[in-house]
Amino acid sequence: MELTQLKGIGKTTAEKLHTLGINDVMDLLFHLPLRYEDKTCITAIEDLLGFSHAQVEGEIVKSYVTQGRRPILVVEIDDGTAFMQLKFFNFYYSQKIKMRAGLRIRAYGEIKHGMYGMEIIHPEFSLGEKQPALAESLTPVYPKSEGISQKLLQKSTAQAVQLLKFGEFDLSELLPTDWLNKQNMPSLIDALLYVHRPPPDADVMQLLNQTHPAQQRLKIEEILAHFLAMHQARTAIQQQTAPALPVSQKQNQTLLSRLPFELTGAQARVIKEIQADMSCSYPMQRLVQGDVGSGKTVVAALAMQAALVHGKQVVMMAPTEILAEQHLVTLKGYFADKKVVFLSGKIKGRPRTEALAEIGGDADVIIGTHALFQSDVEYRDLALVIIDEQHRFGVHQRLMLKNKGQGQKGLGRETLPHSLIMTATPIPRTLAQIAYANLDVSVIDELPPNRKVINTVLLDNSKMPQLALRIRNACSNGEQAYWVCTLIEESEHMRSKAAQDTFEELQNQFPDLEVGLIHGRLKSDDKQEVMDRFKANDIQLLVATTVIEVGVDVPNASLMVIENAERLGLSQLHQLRGRVGRGNRQSHCVLMYQAPLSENAQIRLQTMRETNDGFKIAQQDLKLRGPGEILGTRQKGSMEFRLSNPEQDAQLFKLAKTMAADLMQSNPKVCDLIIKRWQKQAQTLAKV
Ligand code: ADP
Ligand code: MG
C-alpha cells in the first residue's frame, strides 16, 4: 500500500519517508518507536516525586516574566493537591498573554526539582476548560529525520495500525505457534499492535530496554530471516561447480622449503582447512581472519599452490597499490618458476594491453588492485580468487571479481572459482558468526614466534621535543621509523600538504637522517620508489599519510609515531601500529595527542596502551562504536538490522540460529516466506 494513501502524507512527505527506508505502509509498521510517553493519566502534583516524566492538570494561579538577562516565562499552577511551576525560556509575547490566571492547563514533560518545588521546563501543553480525552495507550515516540515531525509519524502509524487491525496486510504468522508460546512471544500482528500502541499497564521499562516479548518477537523474525538468507546464499553457491584441486604434501613442501621460516601452528591449521575446501568440486567460500602481522600472505601463497599445481590461474586483489606491489615482490619470490603478472590502475596503454593478453594467456599468478575486475579483463582459467584486506573493499567490487570466473568450461552448470577472503579486522567471534554466516571462517590466532610486544606510549603534543631523541636513538641503531600524519575529514590534497609540511620540518630537524615522504597524491612510480628505498633502509624516517595503513610490511621498522591519535578509531590505530613489531626487535609506538581528551578518546588511547591483542581491541571498539562501524562503513549493509542489535540481543541471535537450522529442516517453504518478508535485509545480505 502506497504511503500517499494515508491521510496527511503527500508526495513530498512520502519522499522524505523514503530516506528513512520507509517505502510503503508496511514499512511504516516496521518503523518502531524509540520510547514512549505516558499520557493515559493525570498525576497529582503532590505525587510527582519519583516520576521522570508525567502529565499534570491544574489551574493557572499566576504567570509572569522574570527580570534578567534572559527573561523566563513562569506559569504557576495548582491542582488542589499542590503548586508547581511551568517554565518557558523561549516564548512569544502572545503566549504570555494567553497564560491567564484562572485558566485550566494540561502539561506533559520531564519533572524537575526547582527552587520552588516541582517544575517542568518547556512542557507540551493544552489550555482551556475542555481538555481532550486522555490517551488510551502509551504515546509512541519514533526515530525522526529532518522534515518529518513526530506528530506526523504518530498520526500515520495510528492509521497503519488501524489498517493492520482490519487485516489490510498480508502478515500471516510464519513462526510455529507452539514455539512462540514456549518462548512466551505473541504473534507477529499482536506484537506490532503492541509496540506501536502499548496499553497503559505495559511494562515501560521493558519496552525502553527493548526486551519486551513483543519486541523480541519482531526481532527474532528479523534475525531468523538474516540467518536463513545467509544460508540460502551459501547453499546456492554450493550447488555450483568449481574445479577440485587436491594438493599433495610433497607439492606443498616445494613451496615451504623456499620460506625463510617455519609455519606457525595456526598458519598450518588454516592452510589445511583451505586446501581441504579447495579439493572439493564446489566453490570454497572461506574468510581468514588474522590479526596484523599474523602472516596471512604465506597462507594465501599455499592456497595458490593448490591451484597452480593443476595449471590453473590464481588472482589476488589488494585494496591499495602499495600493498599490491608488495605482494608482487613477495609472491615473485615464492613462485620464481611461475609467470606472475601485475595489473593496477596505473598500468595503461601498451603495458596494459600486454598484461591483459598474458592474463588471457599464460599468466599463472595475477596480482593487483580493483583494476583486476574491469569488464575487459578476461582470464584463461581462473580457479582461485583471493581478496586481501577485504574490509577495505565495497561489496560490489568483491562481487564483480567473484563473477569473473563464471561461465568457464562448466558442463552445463556454471563453474565458479574458489574464493578466499582475508581480513585483519579481528571481529569478535559472536559478531563474525552473524556477519559472515554465509562463509566458513578460519582464524589465525597466533603470531609468529619471537615477536616482541609493541611498547605503546602516549605523548602530549606539548612534549614533542622528547620525540626527537627517541627518533635519533632508533635510527642511529640501524632501525627505521614511521611518522604518520593523520588529518582526517580534509581532502587527500590537504592530507598530502600536511604531510609535506611535516616532512620539511623533520628534514630540518634531522639533517643527518634520510627522511622520506609518501602520500596518496604521489605518482604510483614515485610511491613505489619511496617504499623500495624504505625497504632497503635507504630511508630511515618515513613521513606518511594513512596510505600505509594496510598491509605494508617492513620488518626493520621499529618505531611509529602517530599524530593526532585521539582522532582515530581503535581499529585504525591498531592497523597503523601493526606496521611495526613485525621483526624480532623491540618496537615502540608513540601516540601523540592534543589535551584535553574526551572521555571516549581517553578510553581508546588507554586501550591501545594496555593491549596489543587485536581481538581485545575489537571487543572494546564494539562497545564504543557498535557493530556497523566495526565491520567498516562499506560493509554496513551486511549488518543493517532494523530492529536487532547483535550485541544487546546476543541471546536472541543464539536462539534464532538454532531455530533457523530447525526450520530449514522442517519447513523450507516457510523459510522462503520469512526471507521474502524481510527481503530488504536479505537482498543486501546475499551479496556479501
Ligand atoms: P599480515 O598480512 O597477516 O599482516 P604478513 O603476511 O605481511 O602479515 O606477515 C608479516 C611478517 O611476518 C612478514 O614479514 C612475514 O614474512 C613474516 N612471517 C609470516 N609467517 C611467519 C612465520 N611463521 N614465522 C616467522 N615470520 C613469519
Ligand atoms: Mg597482509
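Residues numbered from 1 in each chain as written. Chains lettered and ligands numbered in written order. Predicted model: local features only at pLDDT ≥ 70, side-chain atom pairs only at ≥ 80, totals over all residues. Heavy atoms only, no water.

1. Observations concerning helix α21 (residues 614–625)
Line of reasoning, step 1. Here α21 is 12 residues long and its end C-alpha atoms lie 16 Å apart, about the 16 Å a rise of 1.5 Å per residue gives.
Line of reasoning, step 2. Within the sequence span of α21, burial applies to G614, I617, A618, D621 and L622. What you see down the axis of α21 is that its buried residues fit within an arc of 145 degrees, all on one side. Set apart from the buried face of α21 by more than 90 degrees, the exposed residues are K616 and K623.
Line of reasoning, step 3. With a side-chain oxygen lying 2.8 Å from the backbone nitrogen of F615, the N-terminal cap of α21 falls on D613. (Helix = DSSP H or I, 4+ residues; strand = E, 2+ residues; numbered from the N terminus. Expected span 1.5 Å × (residues − 1). Buried < 20%, exposed > 50% of the residue type's maximum accessible area, 1.4 Å probe, protein only. Arc of directions from axis to C-beta. Polar contact = N/O pair within 3.5 Å; in protein donor to acceptor, adjacent residues only side chain to side chain.)

2. Some remarks on the environment of L343
Line of reasoning, step 1. Looking at where L343 falls in the secondary structure, it is placed in strand β11 (residues 340–343).
Line of reasoning, step 2. With 13 residues separating them along the chain, L343 and L356 place their C-alpha atoms 8.3 Å apart.
Line of reasoning, step 3. Ignoring sequence-local partners within four residues, the contact set of L343 consists of R352, A355, L356, I359, I367, G368, T369, A371, L372 and V377. (Contact = heavy atoms within 4.5 Å.)

3. A look at the sheet that holds strand β18 (residues 515–518)
One key point about sheets: their strands pair by backbone hydrogen bonds, in either a parallel or an antiparallel sense.
Line of reasoning, step 1. Pairing in this open sheet of 6 strands is parallel, and the strands run β16-β21-β20-β17-β19-β18 from one edge to the other. Since the sheet does not close on itself, it has two edges, and those belong to β16 (455–460) and β18, each with one partner. Strand-to-strand, the axes of this sheet are offset by a mean angle of 20 degrees, without reference to chain direction.
Line of reasoning, step 2. By the bridge criterion, 5 bridges tie strand β17 (residues 480–484) to strand β20 (residues 557–562) in an arrangement that is parallel. (Pairing = 2+ DSSP bridges. Axes fitted to C-alpha atoms, helices over the stretch in contact; angles between N-to-C directions.)

4. A closer look at the packing of aromatic side chains
Line of reasoning, step 1. Tallying each qualifying case throughout the model produces 4 aromatic pairs.
Line of reasoning, step 2. Summarising the aromatic geometry, the rings of F88 and F125 are spaced 5.7 Å apart at their centres and angled 80 degrees between planes, so their arrangement reads as edge-to-face. Note that F88 is positioned in strand β4 (residues 83–88) and F125 in strand β7 (residues 124–127), a separation of 37 residues in sequence.
Line of reasoning, step 3. Residue class for F88 comes out buried when judged on its relative accessible area of 3%.
Line of reasoning, step 4. Here the basic side chain of K39 rests over the ring of Y108, its NZ or CZ set 5.2 Å away from the ring centre. (Phe/Tyr/Trp six-rings, centres within 6.5 Å; stacked < 30°, edge-to-face > 60°. Lys NZ or Arg CZ within 6 Å of the ring centre and 35° of its normal.)

5. Observations concerning the side chain of R604
Line of reasoning, step 1. Its place among the elements puts R604 in helix α20 (residues 599–610).
Line of reasoning, step 2. With no salt bridge to any partner, buried R604 finds its closest opposite charge in D621, at an N-O distance of 6.5 Å.
Line of reasoning, step 3. Residues contacting R604, with those up to four places away along its chain left out, are E566, R567, L568, G569, L570 and L624. (Lys, Arg positive; Asp, Glu negative; His and termini not counted. Salt bridge = Lys/Arg side-chain N within 4 Å of Asp/Glu carboxyl O.)

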